[in-house]
Amino acid sequence: MNLPVRQTTTPRPKMKEADLGFGRVFADHMMIAEYTAEQGWQNARIEPYGPMAMDPAAGVFHYGQAMFEGLKAFRTADGGVSLFRPEHHCARMQRGAPRLCMPSVEPKLMQAWASQLVKVDEAWVPSSAGTALYLRPTLIATEGYLGVRPASRYTFFIISSPVGAYYAGGVKPVRIWVEREQTRAAHGGLGSVKAGANYAASLLAAQNAKKEGYDQVLWLDADKHEQIEEVGTMNLFAYVGDELVTPPLSDSILAGVTRDCVIQLARDAGIKVVERTITMSEVQAAHAKGSLKEVFGSGTAAVISPVGELALGGKTKLSINKGEVGPLAGRLYEEISGIQRGTRPDKYGWLTKV
Ligand SMILES: *Cc1c(COP(=O)(O)O)cnc(C)c1O
């Protein structure tokens, strides 16, 4: 299967890899397809990256029928390009779409589309350590109709962005604000789906946290604000005593692909990994006792993000591992990014050549 390609006639200027940052520059091409209830997915193609004409009454603008994925293509040590666990990202999008009454794209087809796009823009895959070509598959309702019901027309597209090392100058611990008032996702809601709406719900708390000097927000359960859920762009792990604990997946937690990598790698390294409820009181008690060894987040963008501080309500501040990168977080980062770059054996078959 090969999509028709309309090549750009105006290639975009490339940036120095050291200046890439995250999600600010985009590769030359995008993949795009349209869906109608009568014909299913059609007109799949690759064309120059650029603005799309849309009906201002399109469902995505009014009722938020929108979801996305985020996966990476890496330049491996042998000079080739591989996608990291693409089948999981494609399957997750397929699973999530029905929750928003959207049509899904068959995972194998989506992966083939992503693969071809990366091939077309292969020159955009950066090669220095910590860099990648980040792919953003997106699904939106495009039918122009203001009645409240699922739309009958959709657009699926994939754009890509060369991204720099998330932490220029090495992995650095983040400072996290524990949010005790606002809620990202509640049981029965959209939390386990990569819906744009979840991010809309999270922006204000994140902005408030920034004002207080914190990098990210830790979300707790919507009911009592006691059980740890996740960090909104990352799943959370706490190394307590000799157990690596992460909250069990539920309909308010996104099932991270990186979370799955961490669980597998840690178990294979002989660490006891437990998926169970963990409360803020338990974390505070463990911190007081000295048994809270490390806390870190996992997600495609940063891979592993060590947490150096947790702030509860601005008064109680828990410094974790003296605000430094813990040995387990450091090891997991090296291991996962080594597999991604092809400098460590891919013993789980996580890489797929494009
Ligand atoms: C994408 C995302 C994650 C991380 O998932 P990965 O598959 O590891 O990138 C965690 N939480 C939320 C809410 C997310 O949207």
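Everything numeric here is computed off the predicted structure, so don't read it as measured data. (Residues numbered from 1 in each chain as written. Predicted model: local features only at pLDDT ≥ 70, side-chain atom pairs only at ≥ 80, totals over all residues. Heavy atoms only, no water.)

## Things to note about the overall build of the chain
Assigned secondary structure in the chain consists of seven helices and 17 strands. Against the globule reference of 20 Å for 354 residues, the chain gives a C-alpha radius of gyration of 21 Å, in line with a compact fold. Put simply, the chain has 354 residues, and 51% of those count as buried. Considering only residue pairs separated by 6 or more positions, the chain has 70% of its internal contacts joining residues 24 or more positions apart. Only carbon and sulfur atoms are counted for the fraction: they give 52% of the accessible area of the chain, which is about 15600 Å². Each charge class in the chain can be summarised by its mean position, and for the 39 positive and 36 negative side chains these summaries are 2 Å apart. (Helix = DSSP H or I, 4+ residues; strand = E, 2+ residues; numbered from the N terminus. Rg over C-alpha atoms; globule rule 2.2 N^0.38 Å. Buried < 20%, exposed > 50% of the residue type's maximum accessible area, 1.4 Å probe, protein only. Contact = heavy atoms within 4.5 Å. Areas by Shrake-Rupley, 256 points an atom, 1.4 Å probe, with all protein chains shown as cover. Lys, Arg positive; Asp, Glu negative; His and termini not counted. Charge placed at Lys NZ, Arg CZ, Asp CG, Glu CD.)

## Some words on the pairing of strand 16 (residues 316-319)
Judged from the four bridges that link them, strand 15 (residues 303-312) and strand 16 form a sheet pairing that is antiparallel. Note that in strand 16 the partner of A311 across the bridge is K317. Here strand 15 folds back onto strand 16, and the loop between the two strands holds three residues, one of which, G313, carries a positive phi near 65 degrees. (Pairing = 2+ DSSP bridges.)

## Here we look at the environment of V120
Mapped onto the secondary structure, V120 falls in helix 3 (residues 107-120). Looking at V120, the relative accessible area reads 24%, which means it is partly exposed. Sequence separation of V120 and E34 is 86 residues, and the distance between their C-alpha atoms is 20 Å. Once you skip the residues sitting within four places of it in the chain, V120 turns out to touch V5, Q7, H29 and I46.

## Regarding the domain arrangement of the chain
Annotation of the chain at the domain level lists domain 1 (17-164) and domain 2 (174-341). On a C-alpha basis, the centroid separation for the pair domain 1 and domain 2 is 26 Å. Taken together, the 26 residues of domain 1 in the interface contact 21 residues of domain 2. The contact between domain 1 and domain 2 buries some 1900 Å² in all, and 59% of this surface belongs to carbon and sulfur atoms. Across the domain 1-domain 2 interface, the total number found is one salt bridge. For D260, the salt bridge is made with R85, and the minimal N-O distance between the two is 2.9 Å. At the junction of domain 1 and domain 2, the tally comes to 12 residue pairs in polar contact (both at pLDDT 80 or more). Only strand 3 (66-68), strand 4 (71-75) and helix 2 (86-96) provide two or more residues apiece to the side of domain 1 that touches domain 2. Of the residues in the side of domain 1 that touches domain 2, the class split is 11 nonpolar, nine polar and six charged. (Domains from an automatic or database assignment. Buried area = accessible area lost by both parts, 1.4 Å probe. Salt bridge = Lys/Arg side-chain N within 4 Å of Asp/Glu carboxyl O. Polar contact = N/O pair within 3.5 Å; in protein donor to acceptor, adjacent residues only side chain to side chain. Nonpolar A, V, L, I, M, F, W, Y, C, P; charged D, E, K, R; others polar.)

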